[in-house]
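Chain residues, written in single-letter form:
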Amino acid sequence: KVFLNIVSHERLDCPTKTKTAKGENWALPYSLGPSRIEHDKRGTTVPTRDICFHPSAVARAQRDQRFRDLIVQTSMEAWEAASQKGQVEAIKLERTYHVLRGVAYKCGSPAAMVFG
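Residues numbered from 1 in each chain as written. Predicted model: local features only at pLDDT ≥ 70, side-chain atom pairs only at ≥ 80, totals over all residues. Heavy atoms only, no water.

### As for the pairing of strand β5 (residues 36-39)
Here β5 runs beside strand β6 (residues 45-53); their pairing, made up of four bridges, is antiparallel. Paired with R36 across the bridge in β6 is T48. Counting the residues in the hairpin turn of β5 and β6 gives five residues, including G43, whose phi is positive at 90°. (Pairing = 2+ DSSP bridges. Helix = DSSP H or I, 4+ residues; strand = E, 2+ residues; numbered from the N terminus.)

### A closer look at the environment of P47
Mapped onto the elements of the fold, P47 is located in strand β6. Remark: the alpha-carbon pair of P47 and V2, spanning 45 residues in sequence, is separated by 5.2 Å. Residues contacting P47, with those up to four places away along its chain left out, are K1, V2, F3, R36, I37 and W79. (Contact = heavy atoms within 4.5 Å.)

### Some remarks on the nonpolar core
If you look at the biggest cluster of nonpolar residues, it comprises nine residues: L28, I51, F53, A57, V58, A61, F67, I71 and A78. Of all the secondary structure elements, the ones that give two or more residues to this core are β6, α1 (55-63) and α2 (65-84). In this structure, V58 is in contact with I6, V7, S8 and F53, ignoring residues within four places of it in sequence. (Core = buried A, V, L, I, M, F, W, Y, C linked by side-chain atoms within 4.5 Å. Buried < 20%, exposed > 50% of the residue type's maximum accessible area, 1.4 Å probe, protein only.)

Here is the structure:
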């Protein structure tokens, strides 16, 4: 179990798509925040990260389930890639997820992020 907060900021580039013979190929610029520990409603510690996309990407994900799946998949891959740095064994997240309804941000307020 992990918490992955998907947030937005206009300083990130807009998502772009390229048409291919098999459909569409999306580029989703993002910024991944550092890992931290938060607590779930039972008090159990849960690894937590914030990932930031352009507001248009988040807006599209809210109305389009396939795009939401793409954003979440991209977020999980970013988490796994960041977790591999300096690790002997790779971390692999399960691909099932659910959105916490009525929760804009899990565990306080978004942490400050650096955009390069």
